[in-house]
Structures are given as C-alpha cells and as structure tokens.
Amino acid sequence: MGLTQLDIIRKQIESAAKNRAAGEAAKLRRKTSLIGEISRLTGKANRTIDQAGREAVRWRAGRRPDVLEDETEWDEPDEGAEAPHICADGYVRRSPEQPLYTPPDYRRRLLRRAAGIAVAVLLALAVLWLLVHYSVLSI
C-alpha cells in the first residue's frame, strides 16, 4: 500500500522535531564552547587592559582619570626638551623620531640578494631560450 496523507504529515512532524532538536543541540554547543568562552574572555580582558592603559596615561599626564581630554596637560615641561609623546598603551616616547637600527652589512646583503635574484631570472630565461632554440619547447 502507498503513502497516505497521514504518513506524509507524520514524517513532516518527525522531521520538524528532529530539526528543532538539532538546532537546540547546536545552540547548546555554541553556548558551552570553550573557544567561544575564551574569545569572550579575551575580548573582555582587552577592553579592561585598554581602559587601564588610558587611565594610566591620564595619571602620568598629571590629570585625574575621570577627566576626558584629547590634549595632554603637563605639570612641569622641561626647558629645551620636547614634551614626551604618550601612546595609548602607556609607552612614553621621548622624541618624535626614534632612530631606526640597521645592521652594518645591511646594504651589502640587500645588494647581494638583488644580484642573486637577477642571476636566477637570467638563468631561467637562458634555459627557456635553449629549450625553444632546440625545439624541445615550441612557443
């Protein structure tokens, strides 16, 4: 005997119940996921650290932490020295331009690397020319 309307309706109800149960199980897995919890706690820690850094910057600048201002006020600026630049994480830069360290043989290594790349390209072109010239590779 074939499928009746009641069989079709029963299968639809069973399928809807299975889908609903699978959805609830997936929702429970998302809520109890260790990765999700770690991500949430990491975000919370980052926000806390950022807020603490901003408060530390304000304290170092000689202001109360509840005062929100864009400009930094200094208690006693040194004569002849530039005012230090305080970054968002609390690091105090003493000068606007800090020297960049370059190793003594940096330029020599850079030129040697460029020459090596140029030789490799020329060698590849020579091999390609030889393959075309002797009809191994016809372009």
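Residues numbered from 1 in each chain as written. Predicted model: local features only at pLDDT ≥ 70, side-chain atom pairs only at ≥ 80, totals over all residues. Heavy atoms only, no water.

## Describing the overall build of the protein chain
- Helix and strand content of the protein chain: 3 helices and 2 strands.
- Along its sequence from the N terminus, the protein chain presents helices and strands in the succession α-α-β-β-α.
- The burial tally for the protein chain puts 6% of its 139 residues in the buried class.
- Within the protein chain, contacts between residues at least 6 apart in sequence are counted, and of these 20% link residues at least 24 apart.
- Here the protein chain has roughly 12,800 Å² of accessible surface; of this, 60% comes from carbon and sulfur atoms. (Helix = DSSP H or I, 4+ residues; strand = E, 2+ residues; numbered from the N terminus. Buried < 20%, exposed > 50% of the residue type's maximum accessible area, 1.4 Å probe, protein only. Contact = heavy atoms within 4.5 Å. Areas by Shrake-Rupley, 256 points an atom, 1.4 Å probe, with all protein chains shown as cover.)

## Some details on helix H3 (residues 106–133)
- Counted at 1.5 Å a residue, the expected span for H3 with its 28 residues is 40 Å, and the 40 Å between its end C-alpha atoms agrees.
- Trailing H3 by a residue or two, Ser135 shows a phi angle of about 60 degrees, which is positive. (Expected span 1.5 Å × (residues − 1).)

## Concerning unusual backbone geometry
- Of note in the backbone geometry, Ser135 takes a positive phi value of approximately 60 degrees without being a glycine.
- Relative to the elements of secondary structure, Ser135 occurs in the segment after H3.

## Quick notes on the confidence of the model for the protein chain
- Overall, the predicted model of the protein chain reaches an average pLDDT of 81, with 78% of residues at or above 70.
- The least confident element of the protein chain is strand E1 (residues 85–86), whose mean pLDDT is 71; the most confident is H3, at 95.
- For the stretch residues 70–75, pLDDT sits under 50, and the model shows 11 contacts to residues farther than four places along the chain or on other chains. (pLDDT = per-residue confidence, 0-100.)

## Here's the deal with helix H2 (residues 34–60)
- Here H2 is 27 residues long and its end C-alpha atoms lie 38 Å apart, about the 39 Å a rise of 1.5 Å per residue gives.
- Considered for burial, the residues of H2 that qualify are Gly53, Val57 and Arg58.
- Regarding H2, its N-cap is Ser33, as a side-chain oxygen of that residue lies 3.3 Å from the backbone nitrogen of Ile35 further along.
- Immediately beyond the C-terminal end of H2, within one or two residues, lies Gly62, with a positive phi of roughly 85 degrees. (Polar contact = N/O pair within 3.5 Å; in protein donor to acceptor, adjacent residues only side chain to side chain.)

## Quick look at the pattern of salt bridges
- Using the criterion set out here, one finds 6 salt bridges in the structure.
- In this structure, Glu14 engages Arg10 in a salt bridge whose closest nitrogen and oxygen atoms are separated by 3.1 Å. Here Glu14 and its partner Arg10 are both found in helix H1 (residues 5–31), 4 residues apart, which amounts to about one turn of the helix.
- The class of Arg10 is partly exposed, set by a relative accessible area of 40%.
- With its nearest N and O atoms 2.6 Å apart, the salt bridge here joins Glu37 to Arg40. Here the residue Glu37 and the residue Arg40 both occupy positions in helix H2, the gap between them amounting to 3 residues, near one helical turn.
- The exposure class of Glu37 is partly exposed, given its relative accessible area of 32%. (Salt bridge = Lys/Arg side-chain N within 4 Å of Asp/Glu carboxyl O.)

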